[in-house]
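Coordinate analysis (summary)
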Amino acid sequence: MKSVLVKVVVASMAIGMAVFALAGTAGASHVKVEVLGSSQDPGGGPAAVQVRLRSADEGLPVANATVTLYADESFGGVTGRVELGQTLSDQDGVATVRFHPLSAGDHQIRVEYRTSGESQPEAATISITMPGITSQLYQSSAGIQIPGLNVWLLMALVATVWVILLSVALRVVAIAHDGEAAEAPRGRRADASAYQGGATTGR
Amino acid sequence: MEEVRTWRERLERTALAPVTKTSRGYYVWVAFLLAVIGWGAYAYSRQLRDGLIVTGMRDRISWGLYITTFVFFIGISHAGTLISAILRVSHARWRTPITRMAEFITVVALVCGAIFVIIDLGRPDRVLNVIRYGRWQSPIIWDVLAITTYLTASIAYLFLPMIPDLALFRDRLAGRVSGWRIWLYDLLSVRWQGTRAQWRSIGAAITTAMILIIPIAVSVHTVVSWIFAMTLREPWNSTIFGAFFVAGAIFSGVATLIIVMAVLRKVYHLEEYITEKHFVYLGYLLAALALIMMYGNISEYLTTGYKLEEGAEFHFRQLFLEQFAGFYWFYFIGGLVVPGLLILLPWTRNIWGVVLASVLVVAAMWIERYFIVVSGFRVPLMPYEPSTYAPTWVELSVMAAGFALFALLITLFVKVFPIIAIWEVAEDQESVEVAPAARRFAPGATPEPAEGGGR
């Protein structure tokens, strides 16, 4: 009797776990997301990410789904989710989103998709790698380059001013040297003409 | 020649008097200034402890009294450059009794102005980040470069003409003042003996510095204006901001110099050297600059107002009719028109008239910087409700401490260093005596150097 009771309990638990597992699968996404590839122009140009949506059960392409890509980005110490772009999946279930990556390296991309007839979007996370030598890929397209008009001109200007200031300081050093030589014969205290300006000294 | 010798002795006595004699009023004045600075330091300690939330500045209007006062101080620093360098270049002999004051105002104003930039920082411990992470393309870096270069050049330009006077103090005050002062004069007079070679060196150095400092001074306030003009804010979208700021800087600098001159003249009995002529001449300069400022205002606002884009309309309403109307019209009428009239009308063209005009100009120019800064931030960049700004007691206290520091540094300078350029005044007198054509006094009359040789 006791062994029968144990068997019933074990069987009930097994059935319960199976029901629970099946319910979890059903509640999860019924669409599978896979990354077909990512590409990027050299020098921080636009990148493209391709994802394919297929139904989880039959593996059929999911067409005309609204696909939005997001990435977590940091700027000035503030981190937030940035929308990279939005598009519709084609007949093969492929959605291609073009965007300007800000930095090289691994990126976690959040893919939100909403199929026709669904009111709430579903989401999945994919991982892509952006190639690049430096971490900073963004390059401003603003401005025009005038040959010769650059930061070196500014530095040359500032350096010139400071060199002239240095020449003034050297004049002060020369004054001290001349004074040292004059002190020897007549002592430290200057005579009255010392304070009367160049008019009396022939300057 | 006896009169000349007596006159020179009197000049030296007058120049040495502030150093050797100290009145009770001096201590009271210094104690008052220290109290104001102390209160400001307490207010700033609250800001350091609690952050910029204790000020009226927020995210939408993030500059207020501090940046206003910074721009104001940088502006008045142009007093030294204009009065000393430009008048020296143009050989205007009447400048000699007032050059030292002008040069010292420059240095003190630059120091006080630079302090206000640091005070405006929420995290002053990160001030060196502007160098460590600065970009050459940024007007902020240009500003740092320009101000540090100007401060260095101004100190050099203050110091160079003072060397012979420091030697005079070194020799005349030996045994009459404390040892540290003699040590200081000895150090700073760089073994001055007045040899021909030394006069040649100092002449060349002063000439180099005076030519160099004029473009540096112009660049400083131009770059300060670019910090505004290169920011995307409707009221700051101006191509004449640089010239406008430089003219305003010289305007307020001359006015500040006139006020300082009037106070020091009265306190230290410099009436023989700083005469009504100096006030009137500087007053003429002030009136000319007032006309330039009026022209700048009309040119700027008429062209912008004729087109009146959306942001400009908002700005014009707040500036001429609403929030800032009181400030603007006081600035234009009280700070430009009335001072001009006070100087140009013959019955107010005297010391008191010029000083009153200068007080109005200084007040108006501070107010002008205030409404330029705050009204610029108030114009919405997006369709949100316009923000407001009202300074708190912390900002007012710190600003008052800044002005007290300015006054204190000038007060202390006068107690240590020669208040007037003794050798230059004497040289001016010498040239009057040497050149018969320039002799303006009857034989035997007491020479009046401040009146002689003026152009």
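Keep in mind that what you see is a predicted model, and the values were worked out from it rather than measured.

**As for the packing of aromatic side chains**
For any pair of aromatic rings, the description consists of the separation of the ring centres together with the inter-plane angle of the planes. Residue and element names in this part refer to chain B. For the coordinates displayed, the defined rule picks out 41 aromatic pairs over all chains. Ring centres of phenylalanine 104 and phenylalanine 413 lie 3.6 Å apart, and the angle between their planes is 20°; on these two criteria the pair is classed as stacked. Placement of the pair is phenylalanine 104 in helix H5 (residues 99-119) and phenylalanine 413 in helix H16 (residues 393-416), with a sequence separation of 309 residues. For phenylalanine 104, a relative accessible area of 11% gives the class buried. When the ring of tryptophan 142 is compared with that of tryptophan 226, the centres are 6.0 Å apart and the planes differ by 75°; the resulting orientation is edge-to-face. Residue tryptophan 142 is found in helix H7 (residues 139-159), and its partner tryptophan 226 is found in helix H10 (residues 196-229); the two are separated by 84 residues along the sequence. The exposure class assigned to tryptophan 226 is partly exposed, which follows from its relative accessible area of 33%. Members of the aromatic cluster, each reached through a chain of ring pairs, are Tyr301, Phe316, Phe320, Tyr328, Trp329, Tyr331, Phe332 and Phe371. The positively charged end of lysine 415 is found above the aromatic ring belonging to tyrosine 26, 5.0 Å away from the centroid.

**Here we look at the pattern of salt bridges**
Charged atoms that come close allow side chains of opposite charge to pair. Following the criterion strictly, the structure yields 15 salt bridges over all chains and no others. Taken together, the shared-partner salt bridges connect Arg88(B), Arg95(B), Glu103(B) and Glu424(B) into one network.

**Quick word on the packing of helix H14 (residues 325-344) of chain B against helix H15 (residues 351-378) of chain B**
For any two helices packed against each other, one specifies the crossing angle of their axes together with the interaxial distance. All names here are of chain B. Interhelical geometry of H14 versus H15 gives an angle of 155° and a closest axis separation of 8 Å. By the angle class used here, H14 and H15 are roughly antiparallel. Handedness of the crossing formed by H14 with H15: left-handed. Counting all contacts with H14, which are made through Phe327, Tyr328, Phe330, Tyr331, Gly334, Gly335, Val338, Pro339, Leu342 and Ile343, the residues of H15 involved are Gly353, Leu356, Ala357, Leu360, Val361, Ala363, Ala364, Met365, Ile367, Glu368, Tyr370 and Phe371. Residues belonging to the contact of H14 with H15 are distributed by class as follows: 18 nonpolar, 3 polar and 1 charged.

**Observations concerning helix H9 (residues 179-188) of chain B**
Given 3.6 residues per turn, any residue in an α-helix points the same way as the ones three and four places further on. Residues and elements named next belong to chain B. Every buried residue belonging to H9 is among Arg181, Ile182, Leu184 and Tyr185, and all of these are buried. Along the long axis of H9, the arc covered by the buried residues comes to 160°, so they all point the same way. Exposed and oriented more than 90 degrees from the buried face of H9 are Gly179 and Trp183. Those residues of H9 that are buried lie in contact with helix H1 (2-20), helix H8 (163-172) and H16. One or two positions beyond H9, positive phi appears at valine 190, with a value near 40°.

**Digging into the environment of Pro418(B)**
Residues and elements named next belong to chain B. With respect to the helices, strands and loops of the structure, proline 418 is situated in the loop between H16 and helix H17 (422-434). The exposure class assigned to proline 418 is buried, which follows from its relative accessible area of 0%. Placed 318 residues apart in sequence, proline 418 and arginine 100 show a C-alpha to C-alpha distance of 8.0 Å. Not counting the four nearest positions on each side in its chain, proline 418 is found in contact with Arg100, Met162, Asp165, Leu166, Phe169 and Phe413.

**Points about the confidence of the model for chain A**
Residue and element names in this part refer to chain A. Of all residues in chain A, 64% attain a pLDDT of 70 or more, and the chain-wide mean is 74. Predicted confidence in chain A is weakest over helix H1 (residues 2-27), with a mean pLDDT of 54, and strongest over helix H2 (residues 151-186), with 89. This stretch, residues 18-28, has a pLDDT under 50; its non-local contacts, to residues over four places away or in other chains, come to 0 contacts. Counting interchain partners and residues more than four positions distant, the pLDDT-below-50 stretch residues 199-203 has 15 contacts.

**Thoughts on the side chain of Arg170(B)**
Here Arg170(B) lies in helix H8. Within the local environment of Arg170(B), its side chain forms a polar contact with the backbone oxygen of Trp192(B), the two atoms lying 2.9 Å apart.

**Description of unusual backbone geometry**
All names here are of chain B. Residue histidine 91 is not a glycine yet carries a positive backbone phi of 55°. In this structure, leucine 308 takes a positive phi of about 45° despite not being glycine. Here leucine 308 shows up in the loop between helix H12 (276-307) and helix H13 (310-321).

**Examining the packing of helix H3 (residues 65-76) of chain B against helix H11 (residues 241-267) of chain B**
Residues and elements named next belong to chain B. Two elements in contact, H3 and H11, have axes whose closest approach is 7 Å; the angle formed by their N-to-C orientations is 75°. When the interaxial angle is binned, H3 and H11 end up roughly perpendicular. Between H3, through Val71, Gly75 and Ile76, and H11, the contact on the second element is made entirely by Phe245, Ala249, Ile250, Ser252, Gly253 and Thr256. Among the residues making up the contact of H3 with H11, the classes are represented as 5 nonpolar, 4 polar and no charged.

**A closer look at the side chain of Thr68(A)**
All names here are of chain A. Position of threonine 68 among the secondary structure elements: in strand E3 (residues 66-75). A relative accessible area of 6% places threonine 68 in the buried class. Within the structure, the side chain of threonine 68 is placed 2.8 Å from the side chain of glutamine 86, a separation counted as a polar contact. With near-sequence residues (within four places) excluded, threonine 68 lies in contact with Glu83, Gly85, Gln86, Arg110, Val111 and Glu112.

**A short note on H8(B)**
Of all the 10 residues making up H8(B), 9 are buried; the element is thus mostly covered by neighbouring parts of the structure. All of the buried residues along H8(B) are Ile163(B), Pro164(B), Asp165(B), Leu166(B), Ala167(B), Leu168(B), Phe169(B), Arg170(B) and Asp171(B).

**Considerations on the environment of Phe417(B)**
Residue and element names in this part refer to chain B. Turning to its location among the elements, phenylalanine 417 is positioned in the loop between H16 and H17. Classification of phenylalanine 417 by relative accessible area gives buried; the value is 16%. For the pair formed by phenylalanine 417 and tyrosine 185, sequence separation is 232 residues and the distance between their alpha carbons is 8.8 Å. Those residues in contact with phenylalanine 417 that lie beyond four places of it in its chain are Met162, Leu166, Phe169, Leu184 and Leu188.

Definitions and cut-offs
- Residues numbered from 1 in each chain as written.
- Chains lettered and ligands numbered in written order.
- Predicted model: local features only at pLDDT ≥ 70, side-chain atom pairs only at ≥ 80, totals over all residues.
- Heavy atoms only, no water.
- Phe/Tyr/Trp six-rings, centres within 6.5 Å; stacked < 30°, edge-to-face > 60°.
- Helix = DSSP H or I, 4+ residues; strand = E, 2+ residues; numbered from the N terminus.
- Buried < 20%, exposed > 50% of the residue type's maximum accessible area, 1.4 Å probe, protein only.
- Lys NZ or Arg CZ within 6 Å of the ring centre and 35° of its normal.
- Salt bridge = Lys/Arg side-chain N within 4 Å of Asp/Glu carboxyl O.
- Axes fitted to C-alpha atoms, helices over the stretch in contact; angles between N-to-C directions.
- Parallel < 35°, antiparallel > 145°, perpendicular 65-115°, else oblique.
- Left-handed = near helix turned anticlockwise from the far one by under 90°.
- Contact = heavy atoms within 4.5 Å.
- Nonpolar A, V, L, I, M, F, W, Y, C, P; charged D, E, K, R; others polar.
- Arc of directions from axis to C-beta.
- pLDDT = per-residue confidence, 0-100.
- Polar contact = N/O pair within 3.5 Å; in protein donor to acceptor, adjacent residues only side chain to side chain.

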